[in-house]
Structures are given as C-alpha cells and as structure tokens.
Amino acid sequence: MAVAPPSYCFVAFPPRAKDGLVIFGKNSARPRDEVQEVVYFSAADHEPESKVECTYISISQVPRTHAVVISRPAWLWGAEMGANEHGVCIANEAINAREPAAETEALLGMDLVRLGLERGATAKEALDVIVTLLEEHGQGGNYYEDANSCHSFQSAYLIVDREEAWALETVGKYWAAEKITEGVKCICNQLSLTTKIDAEHPELRSYAQSQGWWTGEDEFNFSEVFSLADDHLTCCSGKDTLEKQEESITVQTMIDVLRDKASGVCVDSESFLTTASVVSVLPQNRSLPCIHYFTGTPDPSRSIFKPFIFVDDVKLVPKAQSPCFGDDDPAKKEPRFQEKPDRRHELYKAHEWARAVLESDEEQGQKLRKTMLELEKQGLEAMEEILTSSDPLDPTEVGDLFYDCVDTEIKFFK
C-alpha cells in the first residue's frame, strides 16, 4: 500500500480566531520534485449534455460553474486546495484505510475538490456535490505522476465557508462527515472522525458490519472501524500546534503554523515536501471580501504568501501557471507518464534560485529571508486595511492583486 504523505489542513472559528474571521490553512505535501501551479477559472455557462474532462475520466457538466482559484499539481485537472467566488474553501488529504483504494481510474480526490468548488455555493452544497459524484463515479487512479507504480488513496476533505466547516472522510463510496462551527479542527493523512457524525452514507454501518469490522453492538466509531490497526491513534500533531496558541488565531498565526518544521506540519523529508500552501480568511461579516493567500512555490518557510480576492475582472497570472502540453501531455496519453516534461513555471524557476541561496549562503540567505518576509508583511498589512476599512472595496484595485504580487516576487528574485 502506498504511503500517504503527511499533509495538514486546519480551520479556526471565532472566538478562537480573531475579529469574527474564519481562518483556513493547508500545506500540500507531495513528491519533492512535483510542481504546483495557481490557476484562476472564471464562472462559466455550459451547453446542455456537455462533458467535463477530469484527470482520468469525463463526467456530465453542470449548466453553470462558479469562479474558482486553485493550487494544483500541474499534471492533473483537479486541485489540492482552493476557493470559489462564494467564499467556499476545500482541501483534500490522501488517506490509507482498512480497505485499499482502487487503482482503477475514476475520479481522484483532487478532482472532487475542484468539482466541489465549481458546483457548491456553500460548504454543505459542496459536500453534497462530492458525495453524490463519489457514489456515481467512484474514486481511484494514480495520485502521482509515476509510470512505475500506482499510488492510490482514499480521501478526506475539509470544506469551509463563512459559517461552518465539514470534515468529510471517505472510504471507497462510503463516507462520514462532521459539522464544525466553533473552535479548531485539523485533518491529516489519517482518519480522524470518531463518534460525532453529523451526516453519513446510508449504508455505511451495514457495510462495516458486512465486512466484520463492526459488531453493531458497540458505539460506532468511524476511524476505529475503518482505519488500519492503531493508525487512528496518532492523528494530527498539527492540531496541538494550533490549539496551544494562547492568543486569538490570526492569518499570521496560521502562516506560522504552516511554516513549522519542528511539529511536522511543514514536511521536508527524503520523499516528500510541502510543495504549496494556502491560507484563507473568511469574514463572517458578508459585506467584507474573503482573502486567499497562495504561495505557488515549495516550502512555506521559504515562500511568500500572496493575496488573491475574487472580483469580476481578475487578471490571469501566466507566470504562476505551468506550460500546457495539450493532448501530447504524457499524463493524458495511455500508457500514462512515459515521460516527465518540465512543468516549472516562471515563479517556480525564480523561487528555485531563492531556495538555493537560503540553503547555502548564511549571510545572504538571512538578508534574503528578511526581505521576503518584509514583502509578505506589506501584503498582509494592505489586506488588513481592506478588512478594517469602512470604504467599499474598489474592484479595479484588487483585480490584478495576485498578478502584481507574483510579478514583484519574480523581479525581486532576479
């Protein structure tokens, strides 16, 4: 069975989070050399009977899809994490469970993240979209761009909006979900739901009984029933990191937690690296905009979190997007992944130089890190001003916000 990389995903609600803000954060741990891109797709109307081509399979398209911004491994269709124009954020974790994940190509957990964002205007709507598609199409296929072996996983999701979050954990087509409206929640690469289940697959319990995993007499504990032996005992050192914060949780707190290598939240191991990160701020006051900070580069402790706000006229950012290989992409041709094309985008290449300096030259590295944090701080302060200002947001000022931040970062590295 493939080893699930230790990714972490968090949400904090008021009063633990500051100023009536819901704060969401995710580190995406993936194979070390994999490139993630940050891509915006505007809302769109679709022809009746049309199809959407996901990573491995095509499914029926819906009449209208919402505008989304996603961070994704550049070879696939779906997303590791992202947000939509309605203030819904979703992130996905690869999970190992008692039942091995299917190698047969179906929807990837990452496809379901994007489908949930494109089709759900609330967290609950997105949850319903994901479980309906899971029932209809199943999940399966290779999670990595690897011709030599198939790494398939079950999936867990954290689905968040301004009012509530849902932790959704899936095993095949079966699932359970917990609703969260206060405090802090973390999901990682192990099943974590126990006896508090607020929604579930109608046949979940009878399936567990039929497999001999549950007697029907004890209290039903999802992670005990469906986890590999003892796996459910060690989940989420990350939650402790966030819960230990004595003061209110802010954007900066969440960024600091995602940068923490000592706790294991920021993964940097022989096989895996945090290849991209996101922090989102969802004000419970609906007159304020949601703000989403993406790195678009590996290792958050050596990256800059850059803000994005949804407006009607968002400027696209080709410099944070990987080259497109169309139908010639080795990920689209069968047998798959016979070659690995260079998927590095301009921001990734510029950042490679910065990583090399930070790793090798102590004096220059410290200077560089200081300037990077200063750049980030300017962005955070400007966004703080938007959230505390009584003036309405000027869409023309923020349409090219992410574009300008990426541009400044690249120029700065050069």
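Residues numbered from 1 in each chain as written. Predicted model: local features only at pLDDT ≥ 70, side-chain atom pairs only at ≥ 80, totals over all residues. Heavy atoms only, no water.

Draft legend 1. Representation of the packing of helix α8 (residues 362-388) against helix α10 (residues 401-413) within the structure. Following both chains from N to C, one finds α8 and α10 inclined at 165 degrees, their axes separated by 12 Å at the closest point. In terms of axis orientation, α8 runs roughly antiparallel to α10. Between α8 and α10 lies a crossing whose hand is right-handed. Across the interface between the two elements, Leu 368, Thr 371, Met 372, Leu 375 and Met 383 of α8 pack against Leu 401, Thr 408, Phe 412 and Phe 413 of α10. A breakdown of the residues in the contact of α8 with α10 according to their chemical character gives 7 nonpolar, 2 polar and no charged. (Axes fitted to C-alpha atoms, helices over the stretch in contact; angles between N-to-C directions. Helix = DSSP H or I, 4+ residues; strand = E, 2+ residues; numbered from the N terminus. Parallel < 35°, antiparallel > 145°, perpendicular 65-115°, else oblique. Left-handed = near helix turned anticlockwise from the far one by under 90°. Contact = heavy atoms within 4.5 Å. Nonpolar A, V, L, I, M, F, W, Y, C, P; charged D, E, K, R; others polar.)

Draft legend 2. Inspection of the nonpolar core at higher detail. The biggest cluster of nonpolar side chains holds 89 residues, and the ones touching the most others in it are Phe 10, Phe 220, Phe 222, Phe 226, Val 279 and Tyr 293. The leading source of residues in this core is α8, at 6 residues. Those residues in contact with Phe 220 that lie beyond four places of it in its chain are Thr 194, Thr 195, Ile 197, Leu 204, Arg 205, Ala 208, Trp 214, Val 225 and Phe 226. Counting 47 residues, the second-largest nonpolar core is a separate cluster that includes Ala 126, Leu 127, Leu 134 and Phe 272. (Core = buried A, V, L, I, M, F, W, Y, C linked by side-chain atoms within 4.5 Å. Buried < 20%, exposed > 50% of the residue type's maximum accessible area, 1.4 Å probe, protein only.)

Draft legend 3. View of the packing of aromatic side chains. This structure, assessed with the given rule, holds 17 aromatic pairs. Taken together, a centroid distance of 6.5 Å and an interplanar angle of 55 degrees make the contact between Tyr 144 and Phe 272 tilted. One end of the pair, Tyr 144, is in the loop between α2 (123-137) and β11 (154-160); the other, Phe 272, is in strand β16 (residues 272-283), with 128 residues separating them in the sequence. Take Tyr 144 and Phe 272: they sit in the same class, and that class is buried. Here the aromatic residues Tyr 40, Phe 294, Phe 308, Phe 310 and Phe 402 are joined through ring pairs into a cluster of three or more. When the ring centre of Phe 41 is taken as origin, the NZ or CZ atom of Arg 114, which lies over that ring, is 4.1 Å away. (Phe/Tyr/Trp six-rings, centres within 6.5 Å; stacked < 30°, edge-to-face > 60°. Lys NZ or Arg CZ within 6 Å of the ring centre and 35° of its normal.)

Draft legend 4. Region of interest: α2. When the terminal C-alpha atoms of α2 are compared, their 21 Å separation across 15 residues agrees well with the 21 Å that a helix rising 1.5 Å per residue should span. One or two residues past the end of α2 sits Gly 138, with phi positive at roughly 75 degrees. (Expected span 1.5 Å × (residues − 1).)

Draft legend 5. Expanded view of the sheet that holds strand β8 (residues 68-73). The antiparallel open sheet is built from 8 strands, whose spatial order is β3-β8-β9-β10-β11-β12-β13-β15. Of all strands in the sheet, those with a lone pairing partner are β3 (36-41) and β15 (199-200), marking the two edges. Pairing between β8 and strand β9 (residues 81-84): 4 bridges, direction antiparallel. By the bridge assignment, Ile 70 is partnered in β9 with Gly 82. Packing against the sheet, helix α1 (residues 109-119) makes contact with β3, β8, β9, β10 (89-95) and β11, and its axis sits at approximately 165 degrees to β10. (Pairing = 2+ DSSP bridges.)

Draft legend 6. Structural view of the pairing of strand β2 (residues 21-31). When you tally the buried positions in β2, you get 11 out of 11 residues, the bulk of the element. In terms of strand pairing, strand β1 (residues 8-12) meets β2 through 5 bridges, oriented antiparallel. Bridged to Tyr 8 within β2 is Asn 27. Two elements, β2 and β16, share 11 bridges in a ladder whose sense is antiparallel. The residue bridging Arg 30 from the neighbouring strand is Leu 273, located in β16.

Draft legend 7. Representation of the pattern of salt bridges. The final tally for this structure, using the stated rule, is 32 salt bridges. Salt-bridge contacts for Glu 80 lead to Lys 26; the nearest nitrogen and oxygen are separated by 3.5 Å. Of this pair, Glu 80 sits in the loop between β8 and β9 while Lys 26 sits in strand β2; the two residues are 54 residues apart in sequence, bridging distant segments of the chain. By relative accessible area, which is 3% here, Glu 80 ends up buried. Each member of the salt-bridge network shares a partner with another, and the members are Arg 32, Lys 261, Asp 268, Asp 299, Arg 302 and Glu 359. (Salt bridge = Lys/Arg side-chain N within 4 Å of Asp/Glu carboxyl O.)

Draft legend 8. Region of interest: α10. Look at α10: 19 Å from first C-alpha to last across 13 residues, which is about the 18 Å you get at 1.5 Å a residue. Turning to α10, its buried residues are Leu 401, Phe 402, Val 406, Asp 407, Glu 409, Ile 410 and Phe 413.

Draft legend 9. Here's a closer look at the side chain of Glu 37. Checked against the element boundaries, Glu 37 lands in strand β3. In this structure Glu 37 comes out as buried when scored by relative accessible area, which is 4%. Looking at Glu 37, its side chain comes within polar contact range of the side chain of Arg 72, at 2.8 Å. A polar contact is formed between the side chain of Glu 37 and the backbone nitrogen of Ser 322, at a distance of 2.7 Å. (Polar contact = N/O pair within 3.5 Å; in protein donor to acceptor, adjacent residues only side chain to side chain.)

Draft legend 10. Layout of the environment of Gln 366. Mapped onto the fold, Gln 366 is located in helix α8. Between the C-alpha atoms of Gln 366 and Trp 166, which are 200 residues apart in sequence, the distance is 40 Å.

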